[in-house]
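Chain by chain, the residues:
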Amino acid sequence: MSHDAQMTVVDHLEELRTRLIVSLLAVGVAFGLCFWQNHQLLRLINKPLAHNTQQQVRDGNGPLGATYSVQESARDVAKQLDTVVGVLRRESQPPAVSASLTQVQKSLGKDVKRLSAAPKGDLPVTLGIGEPFTSTITVTLIFALILSLPVLLLQAYGFFMPAFEPRQRRRMLPVAFSIPILFAAGVTFGYFVVLPAALHFFQNFNSSEFNVLVQASQYYKFAATTLLAMGLLFQVPVAIFAVTRAGLITPKQLRHNRRYAVLACGLVAAVLPGDAITMLLETLPLYLLFELSVLIAGVSESRARRRAARTDGGDSQPRLDETR
């Protein structure tokens, strides 16, 4: 719809219904695709937990740790038997005995190779009969919402943009397209940096004193909250652009108070679990986002001033002619 089009309340409701239907269809299609690949998605979201609990398993903590300890003992016994069989083969033996020892040594070699596999980390546990199904649906829905986010934002943009003038619409278009990109960047950063650091801190804190088991519903809730928080935190450029365009603060003031931005980024990184290296890795992208926001706001303000200057210059010429 154009900005000058006249619409009744019924027309607005019909358009809203249409866009809601399109949004629901987009979520449904994304949900179907994600449910089709739910095994891959579960492996993807479980990977940080498994990776950060490998040390516990290697130390013999928890049920998997006890199993791995038995595996190491069996591997040592198989190695010792392989050594004994090798010594017996080197001595003079009847052909039948030598052939039998060769087969035994090959079997022991396979067993040693299989028992030497690296330990696997913990996976979330389910406590109820239906929890595997509900946990799978929850993970599928989360990924479906993330996958369909561009379509949802596009429908919201299409519904609200007719209320703005064409010039305002052109200004809002880059912002509308930057929101899903920044959200995806935040979720990616959270998955590769923040979530592993948080799991490493919580899962290895006094782990030798507890039999640590992670419930699937709580783990997926924690992971979704962490990734969503980072996706929203990466919307800082959009928020800064909005407040500068509204005139609440200027880019010059932001640059002048840069030290407070560094402190705020450091505090946010300090609240997130992790060590000093992880804190530095979390602070740097947040501060770069702030600097990028200030740069974009400054460029936008300069363009607005140039447009205002050209407009004032064009309006002043007729006034001079009228005075003459």
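As the structure is a prediction and not an experimental result, all values here were calculated from the model. (Residues numbered from 1 in each chain as written. Predicted model: local features only at pLDDT ≥ 70, side-chain atom pairs only at ≥ 80, totals over all residues. Heavy atoms only, no water.)

A separate point is the environment of Thr250. Among the secondary structure elements, Thr250 is positioned in the loop between helix H10 (236-245) and helix H11 (251-256). A relative accessible area of 29% places Thr250 in the partly exposed class. Placed 48 residues apart in sequence, Thr250 and Gly298 show a C-alpha to C-alpha distance of 8.2 Å. (Helix = DSSP H or I, 4+ residues; strand = E, 2+ residues; numbered from the N terminus. Buried < 20%, exposed > 50% of the residue type's maximum accessible area, 1.4 Å probe, protein only.)

Our next topic: a positive patch on the surface. A cluster of basic side chains, namely Arg167, Arg170, Arg245, Arg303, Arg306, Arg307 and Arg310, defines a positive patch on the protein surface. Elements with a contribution of two residues or more to the positive patch: helix H8 (166-203) and helix H13 (276-323). In terms of residue count, H13 provides more of the positive patch than any other element does, four residues in total. Mapped onto the elements of the fold, Arg310 is located in helix H13. (Patch = residues over 30% accessible without salt bridge, like charges linked within 9 Å, V, L, I, M, F, W, Y side chains within 5 Å. Areas by Shrake-Rupley, 256 points an atom, 1.4 Å probe, with all protein chains shown as cover. Salt bridge = Lys/Arg side-chain N within 4 Å of Asp/Glu carboxyl O. Lys, Arg positive; Asp, Glu negative; His and termini not counted. Charge placed at Lys NZ, Arg CZ, Asp CG, Glu CD.)

What follows deals with the side chain of Thr140. Its location among the elements puts Thr140 in helix H6 (residues 131-147). Among the residues examined, Thr140 registers a relative accessible area of 1% and is labelled buried.

Okay, the nonpolar core next. Within the largest apolar cluster, 22 residues are counted, with the highest numbers of intra-cluster contacts made by Ile45, Val139, Tyr219 and Tyr220. Residue assignment for this core shows that the elements contributing at least two residues are helix H1 (9-36), helix H2 (38-52), H6, H8 and helix H9 (216-233). Beyond its immediate sequence surroundings of up to four residues, Tyr219 is in contact with Ile45, Asn46, Pro48, Leu49, Pro124, Leu199 and Val214. In terms of nonpolar packing, the next biggest core, distinct from the first, is built from eleven residues, Leu182, Phe189, Val238 and Cys265 among them. (Core = buried A, V, L, I, M, F, W, Y, C linked by side-chain atoms within 4.5 Å. Contact = heavy atoms within 4.5 Å.)

The next subject is the confidence of the model for the chain. In the predicted model, the chain carries a mean pLDDT of 79, and the fraction of residues at 70 or more is 86%. The least confident element of the chain is H13, whose mean pLDDT is 70; the most confident is H6, at 91. Taken as a whole, residues 316-324 scores under 50 in pLDDT and shows zero contacts with residues more than four places along the chain or in a different chain. (pLDDT = per-residue confidence, 0-100.)

Under the counting rule described, the total for this entry stands at seven aromatic pairs. Pairing Phe31 with Phe35 gives two aromatic rings, centres 6.2 Å apart and planes at 15°, and the pair type is stacked. Of this pair, Phe31 and Phe35 both sit in helix H1, four residues apart, which is roughly one turn of the helix. By relative accessible area, which is 36% here, Phe35 ends up partly exposed. (Phe/Tyr/Trp six-rings, centres within 6.5 Å; stacked < 30°, edge-to-face > 60°.)

A separate point is H6. Taking 1.5 Å of rise per residue, the 17 residues of H6 would be expected to cover 24 Å, and the 24 Å separating its terminal C-alpha atoms lies within 8% of that figure. Among the residues of H6, those classed as buried are Glu131, Ser135, Thr136, Val139, Thr140, Phe143 and Ala144. Tucked inside the fold, the buried residues of H6 contact H1, H2 and H9. (Expected span 1.5 Å × (residues − 1).)

Right, let's talk about a nonpolar patch on the surface for a bit. A cluster of nonpolar residues, Val9, Leu13, Leu16 and Leu20, forms a patch on the protein surface that exposes about 370 Å² of accessible area. Within the secondary structure, Leu20 is located in helix H1.

When the charged atoms of two side chains lie near each other, side chains of opposite charge can form a pair. All chains considered together, the criterion is met by three salt bridges. Among the ionic pairs, Arg19 bridges to Glu15, the shortest N-O distance being 3.3 Å. In this pair, Arg19 and Glu15 both sit in helix H1, four residues apart, roughly one turn of the helix. Between Asp111 and Arg114 there is a salt bridge whose closest N-O contact spans 2.9 Å. With Asp111 and Arg114 both in helix H5 (residues 95-115), this residue pair falls three residues apart, about one helical turn. Under the relative-accessibility criterion, Arg114 is labelled exposed at 54%.

The next point concerns H1. Along its 28 residues, H1 runs 40 Å from first to last C-alpha, staying within 8% of the 40 Å computed at 1.5 Å per residue. Along H1, the residues classified as buried are Glu15, Ser23, Ala26, Val27, Ala30 and Cys34. Packed against the buried residues of H1 are H2, H6 and helix H7 (149-160).

Moving on: the side chain of Glu131. Mapped onto the secondary structure, Glu131 falls in helix H6. Buried charge without a partner: Glu131 forms no salt bridge, and the closest opposite charge is Lys221, 12 Å away. Of the polar contacts made by the side chain of Glu131, one reaches the side chain of Gln215; its length is 3.4 Å. Among the polar contacts listed, one links the side chain of Glu131 to the backbone nitrogen of Ser217, at a separation of 3.5 Å. When neighbours within four sequence positions are excluded, Glu131 is seen to be in contact with Val125, Thr126, Gln215, Ala216 and Ser217. (Polar contact = N/O pair within 3.5 Å; in protein donor to acceptor, adjacent residues only side chain to side chain.)

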